[in-house]
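Structural features, examined
Spelled out, the chains give:
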Amino acid sequence: GEKVEQHESTLSVREGDSAVINCTYTDTASSYFPWYKQEAGKSLHFVIDIRSNVDRKQSQRLTVLLDKKAKRFSLHITATQPEDSAIYFCAASAGYNKLTFGKGTVLLVSP
Amino acid sequence: GPKVLQIPSHQIIDMGQMVTLNCDPVSNHLYFYWYKQILGQQMEFLVNFYNGKVMEKSKLFKDQFSVERPDGSYFTLKIQPTALEDSAVYFCASLPGPTNERLFFGHGTKLSVL
């Protein structure tokens, strides 16, 4: 089955810097790649997603890049703010939202 | 925004007992999911459910597990009997329909089997 590896377990940046979280997947049939964020004491919350028919998607300060050849996708956050601090999960799915998650990256944005 | 509620937030039971985890999905949602996360590990898909039926389940969804949503009430995950390895946080999630893939998650129920 699908395996998703999230490369950074923790990431510390200064406020205003950029942060990049990288994930790789194994199943070539995966076509949908969402990112979720979990703040302390809260549930997972959808952040941004990308489908395999595009290789880039941007929403305000967030950009997702997808490299299907390398089976790699990444989340880029620009101009980070302390409220971006959370655990970020990448995931991959080939359908019916049977998502396979990465282990999560703890992002710490210090003022 | 829309919320998925999970009750209780923490359940402690003795091995061999039955436990039911309750999920109150977003009101107009039709697809329901359970995920399991053992401490320090990835969150893993257990099962999805639509129109009163299990659509797909993983190998983690053992014979001792069952799900139902009687009469549009709570979506439940029942484990009978429980085993030590069932200790984990169980997350419920829901979706409005097949064309929308953005899952709404609950806070999770931490299950401790002693």
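Details of the structure are given in the entry above.
Residues numbered from 1 in each chain as written. Chains lettered and ligands numbered in written order. Predicted model: local features only at pLDDT ≥ 70, side-chain atom pairs only at ≥ 80, totals over all residues. Heavy atoms only, no water.

By the definition in use, this model includes 17 aromatic pairs over all chains. An angle of 70° between the planes, with centres 6.0 Å apart, marks the rings of Phe101 of chain A and Phe105 of chain B as edge-to-face. Linking Phe101 of chain A in strand E10 (residues 100-101) with Phe105 of chain B in strand E10 (residues 104-105), this pair reaches from one chain into another. Judged by relative accessible area, which is 1%, Phe101 of chain A ranks as buried. By relative accessible area, Phe105 of chain B is classed as buried at 3%. Between Trp34 of chain B and Phe75 of chain B, the ring centres sit 5.8 Å apart and the planes meet at 25°, which makes this aromatic pair stacked. Here Phe75 of chain B lies in strand E8 (residues 75-79) and Trp34 of chain B lies in strand E4 (residues 31-37), a separation of 41 residues in the sequence. Residue Trp34 of chain B shares its accessibility class with Phe75 of chain B, and that shared class is buried. Aromatic rings pair up to connect Tyr36, Phe46, Phe89 and Phe101 of chain A together with Tyr35, Phe45 and Phe105 of chain B into one cluster. (Phe/Tyr/Trp six-rings, centres within 6.5 Å; stacked < 30°, edge-to-face > 60°. Helix = DSSP H or I, 4+ residues; strand = E, 2+ residues; numbered from the N terminus. Buried < 20%, exposed > 50% of the residue type's maximum accessible area, 1.4 Å probe, protein only.)

All names here are of chain B. Within E8, 4 of the 5 residues are buried, which leaves it mostly tucked inside the rest of the structure. As paired strands, strand E3 (residues 19-24) and E8 are joined by 5 bridges and run antiparallel to one another. Looking across to E8, one finds that Thr20 is bridged to Lys78. The loop that links strand E7 (residues 65-68) with its antiparallel partner E8 comprises 6 residues; one of these, Asp71, has a positive phi angle of about 50°. (Pairing = 2+ DSSP bridges.)

This next bit is on the sheet that holds strand E1 (residues 4-6) of chain A. All names here are of chain A. The strand order across the open sheet built from 5 strands is E1-E3-E8-E7-E6, with neighbouring strands paired in antiparallel fashion. In this open sheet, the two strands that pair with only one neighbour each are E1 and strand E6 (56-59). Neighbour-to-neighbour, the strand axes of this sheet turn through a mean angle of 15°, independent of strand direction. Sheet topology places strand E3 (residues 19-25) next to strand E8 (residues 72-77); 6 bridges connect them, and they run antiparallel. Bridge pairing links Ile21 to Leu75 in E8. (Axes fitted to C-alpha atoms, helices over the stretch in contact; angles between N-to-C directions.)

Right, let's talk about the environment of Arg56 of chain A for a bit. Residues and elements named next belong to chain A. Tracing the sequence through the fold places Arg56 in strand E6. The sequence separation of Arg56 and Tyr25 amounts to 31 residues, and the corresponding C-alpha distance is 17 Å. Those residues in contact with Arg56 that sit more than four places away from it in its chain are Ile50, Thr63, Val64 and Leu65. (Contact = heavy atoms within 4.5 Å.)

Under the definition given, this model contains 2 disulfides over all chains. One disulfide in the model links Cys23 of chain A with Cys90 of chain A; its S-S distance is 2.0 Å. Between Cys23 of chain A and Cys90 of chain A, the disulfide has an S-S torsion of -100° and is therefore left-handed. With Cys23 of chain A in strand E3 and Cys90 of chain A in strand E9 (residues 86-92), this pair connects stretches of sequence that are 67 residues apart. Residue classification places Cys23 of chain A among the buried positions, given a relative accessible area of 0%. Classification of Cys90 of chain A by relative accessible area gives buried; the value is 0%. Between the sulfur atoms of Cys23 of chain B and its disulfide partner Cys92 of chain B the distance amounts to 1.9 Å. Linking Cys23 of chain B and Cys92 of chain B, the disulfide has an S-S dihedral of approximately -65° and is accordingly described as left-handed. Of this pair, Cys23 of chain B sits in strand E3 while Cys92 of chain B sits in strand E9 (residues 88-95); the two residues are 69 residues apart in sequence, bridging distant segments of the chain. The class for Cys92 of chain B is buried, based on a relative accessible area of 0%. (Disulfide = S-S within 2.5 Å.)

Residues and elements named next belong to chain B. Tracing the sequence through the fold places Ser94 in strand E9. For Ser94, a relative accessible area of 0% translates into the label buried. Of the polar contacts made by the side chain of Ser94, one reaches the side chain of His29; its length is 2.7 Å. In contact with Ser94, other than residues within four places in its own chain, are Val4, Pro25, Val26, His29, Tyr31, Phe32, Tyr33, Arg102, Leu103 and Phe104. (Polar contact = N/O pair within 3.5 Å; in protein donor to acceptor, adjacent residues only side chain to side chain.)

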